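Structural description and commentary
So the chains spell out like this:
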Amino acid sequence: MRRLLHVRSISKKLLLLVLVANLCTLLTAGAALLYHDFQEARAKTAAELTALANLLGQGSITALEFSDPKVARENLAHLRAAPNIASAAIYTGQGALFASYARDPAQARLLPSRPSAEGVRFDGAELSIFKPIANAEETLGVVFVKEKHDLSGWLRDYLVILGAVLLASLAFGLAISSWLQRWVSGPVLAVGQVAREVMERHDYQLRAPKTTEDEVGQLADAFNGMLQTLEHEMAERGAAELAVRTLNADLERRVHARTAELEVVNDNLLARTAEAESANRAKADFLANMSHEIRTPMNGILGLAYLLDRRPLDAEAAEMVRKIRNAGRSLQAIINDILDFSKIEAGRLEIEHTPFRLLDICDNLAAIMAANAGDKEIELAIAPPPHIGGHVLGDALRLEQVLINLTGNAIKFTERGGVSVGMTLLSQDERVATIRFAVSDTGIGIPLDKQAHIFSAFSQADASTTRRFGGTGLGLTICRHLVEKMGGEIGVISSPGKGSEFWFTVPLAWVRGVEYAPPELAHLDILIADDSEIARDNLQQTARSVGWSATMVDSGEAAMQKVMARRARQARYDVMLVDWKMPGMDGLELATRLRDTLRGESTPIVLMVTAFSQDELRRQAHADCVDGVLSKPVTSSALYNGVASALQRRQGPIAAPEPAAADGQRLPGLRVLVVDDSDINREVARRILEGEGALVELANDGASALAWLCARPGAVDIVLMDVQMPEMDGYEATRRLRATPACRGLPVIALTAGAFKNQQDAARAAGMDAFVAKPFNVDELIAAILRLARCPAPAAAPAATAAPAPPAGAHDLPGLAVRQGMATWRDAGAYRKFLRKFVADYGASGPRLEACYAHGDGAGARALTHKLKGGAASLALNGVARAAGELEAADHTGGDVGAALRALRDALDTACASIAAYAGGEAAAAPPPAAGNADAAALVRDLLIALDTDAPDSAIGLLDRLAPLLPAGVVAEIRGRVDDFDFRGAEALTLGLITELGLELEE
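Residues numbered from 1 in each chain as written. Predicted model: local features only at pLDDT ≥ 70, side-chain atom pairs only at ≥ 80, totals over all residues. Heavy atoms only, no water.

By the naming in an unreviewed UniProt entry, the chain is Sensory/regulatory protein RpfC, taken from Pseudoduganella namucuonensis. Entered under Function (unreviewed entry) in the UniProt record, the comment concerning the chain runs "Member of the two-component regulatory system BvgS/BvgA. Phosphorylates BvgA via a four-step phosphorelay in response to environmental signals." Checking UniProt for the chain, the heading Catalytic activity (unreviewed entry) contains the comment "ATP + protein L-histidine = ADP + protein N-phospho-L-histidine." (UniProt positions renumbered as here; feature names shortened; annotations may be inferred.)

See below:
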């Protein structure tokens, strides 16, 4: 059937259509005729049997009247002449068998014992009839006759005849249809034949014959019209091609004529390009000089603040110095980001992943918001951060930069009302907490049509905003980039004239931690008096975040009533937070009345909350009635510190909270294999793990670790594997480890100073179970080990001894975070030893890296950079680690390797100098590689010529080549003079260097 449905010839389809129609018609007619004849045959047979029964009944009336069964049997015996009669019987009027006849004995046994009702019955191949026998007066009896009725034979003969008639009719119909279908299919086939010829010969002058006026004729007309249209189009196309060829020839002549002109223009463009490149170099030099000019005073400010912070100061002065340093660092970071906006656009911005507290960000933000607000009469509020249960991990500087930018904009565009910062915990699991930050203001607002473009570079609400409020329009673009780099999103909700809310969400990893408060400050009852609803709500949330209960009133009079009501109940408030300038009774008047009213009684601690100058407040009369001053916006740590200071002044020093005893060694008896090619990193890991109770084995590359593990299956519980090592790296070692049945289930943690996603993917693909970046957070590393090694914590471990405090005078130095290093090493002697070893191993890494890049040895440079980064991070040489990471990122992304390399050399010089100051004379910078005096003299001579001609590019290049041959400090000093465009000073330093080294220059 499926094959019939896919017949492709129209003539065959027409024949098939006619045959199916004829067959259906004939079958319908034959079925009707069969039914009619079948019914007629049955009726005729029944009529014949009924007549025979009537005849037998009439002949048996006398026998029944005289009860003579013999006569009746004789009458029935005549039925032997009818071969179809199987049996017959005559019954009396009472239903008794009177006489019977059967063609064979079997039929005699089947005679009914009593007559049934009158009628004819068909039973399969038999037909039976009961007929009453009656005279004129009464019914004398019943006659029964059974006949064999061969219906199947009749039906078979009938179907044979009917089938013959059907076949003859179909044959006749097929013959007629075959002749008639040509009348329909002929014209269609003719059109198809013309179409094939047109396709094969591409002759569009052919036409299909039209023989009818029906739909087929219309098809032929349409087909011929299409051919005519194609013929015209082909003719036009040929003419167009001829015209194009003519135009091409003319164009070639004109091109030849213009080539000479273009060559002249090209020469001019080359000259202009050279001028543009020169201008770009000048612009780069200018930006570098401006960057230096901006950073130099900022560094001076931060340095002086650092020195001032080292001097003995009272609490208020120390807090102010701390705010200066925090604000200065934030300002310096913002300046760096604005000057390096191209770095953001190039996708080279790196996000750090270090632990920090949201409270610290709030404190820094509060100080900067207060400074930005100045004399504006607006309320500033910072809601306390949500309770997470520990420290968060991320880039605190970038997060703070976004908040500073958004709050700075809010303050700038708000003339009255308030600016508030809110933080909401959206979700939190065991590893990540997603926090929503929102900066709301009551400023000018942003029109809806401008909100979609507000985060684009150099975009602001409108041109008048730029004129009125200033700004470059880069701030929100930087915020968007930073938030997206941190894995979040940023948006704005605003209505013109009502204010705006800039929000962003950031997912932050977190680790558990515990904070303690002195018992004196555990539960305090606070009374807040402020006429601003924003300030009251913020102070209430801040107090509750510290664990204190707070009551709010909106005026000094209401606060006085609350205090008196408490006094009547023999109770009092512990602390009062009072706004200075309130309508009616202001804060100072309230404090004075409280002192006068409660003279001789225990009075609450009164802290004045103000957005105005604290010096002006202290110059007011009765300022001595106030225990302390808090600047708006008030953060939880500022509130806590203010109350603690006031309580200390009243009651004496508060006992420092005793930290909870350490839980003891967290890895008692755990067997660990540390695999790292850096002996510094191995020593750091060994000390940390042994301090936690682990049994540590060391290996310096993947091959030796694999051989050790295969020779001692089951000897360790977990492996810490560096991924970049000579001979066999960590990836290959882990793959082979997983292929060894005895070590297949051994947990492996990847340790690397790199943090690129492809490195993490490669670690997982190699079969490593976890990934920890160096310098690793000890708690994170221990947590990963506990999770993978599944070692239970001891039931009662002895309290761990506290890490030794840094020795007296051990302060952080430029490029060397001594306190951070001591927190890790816990042994000053060992720490100094490995600092000196770092200088011996890596002090000359700058020239070695330059040589690698100069000779195309990228793999060697990357390996050295990776080792340098890991070793520096382990020793708290944060500047070197950061510079090595930037060089690694530049090499990975195709960035400016030269600039990153110069920054690394400067960081190394600074670190080596600090190590020399901290670790002793042995840490003096390693001498540069020996070089011939002739090479140095030639380069110095060229350097003098470059300086004499004021050529900074040439001078920088020569200094880079001289760096491996001369003392690092001298080269850095000369480079600084060149960066400042102080060529005469650079010349003087160079001449002094010639005299000092005894170089002989040829004339």
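For the chain, the average pLDDT comes to 77, and 81% of its residues sit at 70 or higher. For the chain, helix α14 (residues 463–469) is the element with the lowest average pLDDT, namely 48, and strand β10 (residues 432–441) is the one with the highest, namely 93. Residue range residues 653–663 is modelled with pLDDT below 50. Its contacts to residues more than four positions away, or to other chains, number 15 contacts. Confidence over residues 921–932 falls short of pLDDT 50; this stretch has 15 contacts with residues more than four positions distant or in other chains. (pLDDT = per-residue confidence, 0-100. Helix = DSSP H or I, 4+ residues; strand = E, 2+ residues; numbered from the N terminus. Contact = heavy atoms within 4.5 Å.)

Any two packed helices are characterised by the angle at which their axes cross and by the distance between the axes. Following both chains from N to C, one finds helix α28 (residues 845–854) and helix α31 (residues 897–919) inclined at 160 degrees, their axes separated by 9 Å at the closest point. Judged by the angle between their axes, α28 and α31 are roughly antiparallel. When you trace α28 past α31, the crossing you get is right-handed. Taking contact as the criterion, the partners of Ser845, Gly846, Pro847, Leu849, Glu850 and Tyr853 in α28 are, on α31, Val897, Leu901, Leu904, Arg905 and Leu908. The class makeup of the residues in the contact of α28 with α31 is seven nonpolar, two polar and two charged. (Axes fitted to C-alpha atoms, helices over the stretch in contact; angles between N-to-C directions. Parallel < 35°, antiparallel > 145°, perpendicular 65-115°, else oblique. Left-handed = near helix turned anticlockwise from the far one by under 90°. Nonpolar A, V, L, I, M, F, W, Y, C, P; charged D, E, K, R; others polar.)

Another aspect to go through is the packing of aromatic side chains. Applying the stated criterion across every chain, the model contains four aromatic pairs. Ring centres 5.2 Å apart and planes at 45 degrees place the aromatic pair Phe838 and Tyr842 in the tilted group. Taken together, the positions of Phe838 and Tyr842, both in helix α27 (residues 828–842) and four residues apart, correspond to about one turn of that helix. In terms of burial, Phe838 and Tyr842 fall into one category: buried. Positioned above the aromatic ring of Tyr573, the side-chain terminus of Arg566 is 4.0 Å from the ring centre. (Phe/Tyr/Trp six-rings, centres within 6.5 Å; stacked < 30°, edge-to-face > 60°. Buried < 20%, exposed > 50% of the residue type's maximum accessible area, 1.4 Å probe, protein only. Lys NZ or Arg CZ within 6 Å of the ring centre and 35° of its normal.)

Let us now look at the UniProt feature "modified residue: 4-aspartylphosphate" (unreviewed entry) in the chain. Taken from the UniProt record, the annotation "modified residue: 4-aspartylphosphate" (unreviewed entry) applies to Asp579 and Asp722. Position of Asp579 among the secondary structure elements: in strand β15 (residues 575–579). For Asp579, a relative accessible area of 6% corresponds to the buried category. Look past the residues within four positions of Asp579 in its chain and what remains in contact with it is Ala529, Asp530, Asp531, Asp586, Gly587, Met608, Val609, Thr610 and Lys632. In this structure, Asp722 sits in strand β20 (residues 718–722).

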